[in-house]
Amino acid sequence: MKAIVFDAFGGTEVLHETEVEVPQPGPGQVRVQVKAVGVNPVDGKIRSGIMEAIFPTTLPAIPGGEIAGVVDAVGEAVDQFKVGDEVLGWSDTGSYAQYALADATVLAPKPAALDWTQAAALPVASDGAERVLDLLDIKAGETLLIHGASGALGTIAVQLAVARGAHVIGTAGPTNQDYVRSLGATALTYGDNLVERVRAVAPNSVDAVFDAAGKGALEDSITLRGGTDRIVTTADFRARELGIVFAEGPQRRSATRLAELARMAADGDLTVTVGTTYPLADAAKAQQTSDAGHGRGKLVLTVA
């Protein structure tokens with residue numbers, strides 16, 4: 001099968017397409033013929049080597065962990081799925097490939113009305129958003145500031161926080177202000193005088209901060225909170241230096257909750273925004289865009 005592989009840590013130039021053996025499912029696993037792959041910032045961080053302390057990587061490696069596709073083979077002790085089922089979720093073997101293995105317990109059925117690219121954009125963002133909202137203990141009536149509200153993670157986080165009854169202030173670039181408002185948040189641009197601008201729309205203070213951008217907003221967040229309590233970042237590696245919680249990778253991977261959110265997305269009750277799509281062979285270009293920080297929605301690889 002075709003797969004994207006890196007044999008050494010480094011920039012996107014270490015990524016290359018090659019032929020590898022098709023993996024065989026073990027007990028509890030299914031093999032998925034991949035249709036679409038979510039490209040996440042952590043993919044580039046693992047490729048660069050800066051995540052080795054958190055996610056040790058055996059080289060050569062296939063990047064990625066987020067898939068949508070069709071069950072192609074079923075291992076022993078799997079009764080949730082059969083060959084031909086359409087699924088979305090997380091892979092065990094790297095997702096930048098034509099086939100990937102997955103633990104059947106972390107896959108959800110893909111609704112027919114949800115297209116492949118939207119399905120691939122949902123697992124990591126939804127899991128990460130809910131995990132951080134739980135860490136922050138967001139309650140109805142509270143004010144939550146989300147940095148990076150127009151990205152894949154921010155898009156889902158805004159909607160789930162609003163559904164909890166929170167008032168959300170979301171920062172994003174100038175071209176994404178209307179988009180952030182459409183998700184239910186008060187939109188602000190990031191950058192100069194952010195503290196004063198946030199205070200103007202939230203005079204009674206900000207109860208919590210979710211940083212999904214990693215673009216230097218932690219100091220302003222500390223000022224707004226009057227300390228480091230109830231600030232969580234998924235993107236800024238300076239967190240520990242500043243005494244802020246860094247949420248590391250997906251931890252729950254609930255297939256039940258993913259199935260619920262997939263149905264909501266298929267019914268139009270949850271917006272899942274796909275930004276640029278790339279063919280599998282252009283994975284390096286996709287990671288270049290991801291590394292630079294893209295403006296809206298999820299980057300997705302499509303697999304023939």
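Placed above this text is the structure.
From a predicted model like this one, the values you see are computed outputs, not experimental measurements. (Residues numbered from 1 in each chain as written. Predicted model: local features only at pLDDT ≥ 70, side-chain atom pairs only at ≥ 80, totals over all residues. Heavy atoms only, no water.)

### Focus on empty space enclosed by the protein
Moving on, step 1. The final tally for this structure, using the stated rule, is one cavity of 30 Å³ or more.
Moving on, step 2. Estimated volume of the largest cavity: approximately 30 Å³.
Moving on, step 3. If you go around the largest cavity, the residues you meet are A121, A152, T155, I156, T271, V272, T273 and K298.
Moving on, step 4. Counting residues per element, the lining of the largest cavity draws most heavily on helix α4 (residues 152-163), at three residues.
Moving on, step 5. Along the lines of polarity and charge, the residues of the lining of the largest cavity split into four nonpolar, three polar and one charged. (1 Å grid on protein atoms, 1.4 Å probe; cavity = no way out; pocket = protein on both sides within 12 Å on 5 of 7 lines; lining within 4 Å. Points joined across faces, edges and corners; volume = space filled by probe spheres on them. Helix = DSSP H or I, 4+ residues; strand = E, 2+ residues; numbered from the N terminus. Nonpolar A, V, L, I, M, F, W, Y, C, P; charged D, E, K, R; others polar.)

### Some words on the side chain of E142
Moving on, step 1. Within the fold, E142 resides in the loop between α3 (123-136) and β8 (143-147).
Moving on, step 2. In this structure the side chain of E142 is engaged in a polar contact, spanning 2.8 Å, whose partner is the side chain of R230.
Moving on, step 3. Each residue touching E142, except ones within four places of it in the same chain, is listed here: D137, A166, H167, D207 and R230. (Polar contact = N/O pair within 3.5 Å; in protein donor to acceptor, adjacent residues only side chain to side chain. Contact = heavy atoms within 4.5 Å.)

### Points about the pattern of salt bridges
Moving on, step 1. Using the criterion set out here, one finds 15 salt bridges in the structure.
Moving on, step 2. Note that K110 and E86 form a salt bridge whose closest N and O atoms lie 3.4 Å from each other. On the criterion of sequence distance, the pair formed by K110 in the loop between β7 (107-109) and α2 (116-121) and E86 in strand β5 (residues 86-90) is long-range, its members being 24 residues apart.
Moving on, step 3. Overall, the relative accessible area of 10% leaves K110 in the buried class.
Moving on, step 4. In this structure, R238 and E219 form a salt bridge, with 2.5 Å as the shortest nitrogen-oxygen distance. (Salt bridge = Lys/Arg side-chain N within 4 Å of Asp/Glu carboxyl O. Buried < 20%, exposed > 50% of the residue type's maximum accessible area, 1.4 Å probe, protein only.)

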